Amino acid sequence: MYVGLALTALATSATYVDRGTTHLLADHIRAGYPDYSQARVDWAVSTYLVVSSVIGALGVLGWPTAAWAVKAGKRWARPVATVMFVLGAGAGLAGLLTKDTSGATGLPPELG
């Protein structure tokens with residue numbers, strides 16, 4: 001579960017690192033929507049960062065709680081941790097595999 005916590009933190013921070021360095025997400029949006037102004041691309045990137053941050057924050061809070069519950073021997077802990085993992089993986093796969101109105105996926109593969 002601590003590996004899950006570390007991977008969640010890493011995945012959440014990857015979008016912020018990208019925004020400050022490689023701009024993969026902005027380039028991906030710009031390629032899918034060539035008519036977008038730079039301000040609109042920046043808005044779309046910021047929106048994704050908010051969504052990613054909320055999902056990441058829930059994961060960062062959920063993993064230590066699940067680890068505590070498993071260690072404490074709570075009967076509900078393992079099923080809840082499994083559901084958390086499935087929901088988090090599902091959110092990541094949705095961003096990676098779902099095509100938006102441009103016909104491209106919502107995320108560039110490198111960030112997905």
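Everything below is about the structure shown above.
These figures come from a predicted structure and were not determined experimentally.

Asks: Please explain the packing of aromatic side chains as it appears in this structure.
Replies: Two measures describe an aromatic ring pair: the distance that separates the ring centres and the angle between the ring planes. All told, the structure shown has one aromatic pair when counted by the stated rule. Taken together, a centroid distance of 4.7 Å and an interplanar angle of 15° make the contact between tyrosine 33 and tyrosine 36 stacked.

Asks: Sorry, what's going on with the nonpolar core here?
Replies: Most often, soluble globular proteins keep nonpolar side chains buried together rather than apart. With nine residues, the main nonpolar core is built from Leu25, Ala26, Ile29, Tyr33, Val41, Ala44, Val45, Leu49 and Leu107. It is helix H3 (residues 38–71) that contributes the most residues to this core, four residues altogether. Not counting the four nearest positions on each side in its chain, leucine 25 is found in contact with Asp18, Val45, Tyr48, Gly106, Leu107, Pro108 and Leu111.

Asks: Quick question: what am I supposed to make of the packing of helix H2 (residues 24–32) against H3 here?
Replies: In a packed pair of helices, the relevant descriptors are the angle between the two axes and the axis-to-axis distance. Following both chains from N to C, one finds H2 and H3 inclined at 125°, their axes separated by 9 Å at the closest point. For the element pair H2 / H3, the angle class is oblique. The interaxial crossing formed by H2 with H3 has right-handed handedness. Listed contacts from H3 to Leu25, Ala26, Ile29 and Arg30 of H2 are Gln38, Val41, Ala44, Val45 and Tyr48. Across the contact of H2 with H3, the residue classes break down as seven nonpolar, one polar and one charged.

Asks: Could you clarify how one ought to interpret the side chain of histidine 28 in this entry?
Replies: Inspection of the secondary structure assignment puts histidine 28 in helix H2. When its relative accessible area of 18% is taken as the criterion, histidine 28 is described as buried. Among residues more than four places away in sequence, those in contact with histidine 28 are Ala104, Thr105, Gly106, Leu107 and Pro108.

Asks: Looking at this model, I keep getting lost on helix H4 (residues 77–97). Mind explaining?
Replies: Owing to its 3.6 residues per turn, the α-helix brings residues three or four apart onto one side. Taking 1.5 Å per residue, 21 residues should reach 30 Å; H4 reaches 30 Å between its end C-alpha atoms and fits that length. Residues of H4 that are buried include every one of Ala77, Ala81 and Gly95, and no others. For H4, the arc enclosing every buried residue in end-on projection is 65°, short of the 170-degree limit, so these residues lie on one face. For H4, the exposed residues set more than 90 degrees away from the buried face come down to Arg78, Val86, Leu87 and Leu97. If you follow the buried residues of H4, they end up packed against H3.

Asks: Help me out: how do you make sense of the side chain of threonine 15 in this one?
Replies: Mapped onto the secondary structure, threonine 15 falls in helix H1 (residues 2–20). Aside from chain neighbours lying at most four places away, what touches threonine 15 is Tyr48, Leu49 and Ser52.

Asks: Help me understand a nonpolar patch on the surface in this model?
Replies: Together, Val3, Leu7 and Leu10 make up a nonpolar patch on the protein surface, roughly 310 Å² of accessible area in all. As for its position among the elements, leucine 7 is in helix H1.

About the cut-offs
- Residues numbered from 1 in each chain as written.
- Predicted model: local features only at pLDDT ≥ 70, side-chain atom pairs only at ≥ 80, totals over all residues.
- Heavy atoms only, no water.
- Phe/Tyr/Trp six-rings, centres within 6.5 Å; stacked < 30°, edge-to-face > 60°.
- Core = buried A, V, L, I, M, F, W, Y, C linked by side-chain atoms within 4.5 Å.
- Buried < 20%, exposed > 50% of the residue type's maximum accessible area, 1.4 Å probe, protein only.
- Helix = DSSP H or I, 4+ residues; strand = E, 2+ residues; numbered from the N terminus.
- Contact = heavy atoms within 4.5 Å.
- Axes fitted to C-alpha atoms, helices over the stretch in contact; angles between N-to-C directions.
- Parallel < 35°, antiparallel > 145°, perpendicular 65-115°, else oblique.
- Left-handed = near helix turned anticlockwise from the far one by under 90°.
- Nonpolar A, V, L, I, M, F, W, Y, C, P; charged D, E, K, R; others polar.
- Expected span 1.5 Å × (residues − 1).
- Arc of directions from axis to C-beta.
- Patch = residues over 30% accessible without salt bridge, like charges linked within 9 Å, V, L, I, M, F, W, Y side chains within 5 Å.
- Areas by Shrake-Rupley, 256 points an atom, 1.4 Å probe, with all protein chains shown as cover.
- Salt bridge = Lys/Arg side-chain N within 4 Å of Asp/Glu carboxyl O.

By themselves these figures say nothing about function.
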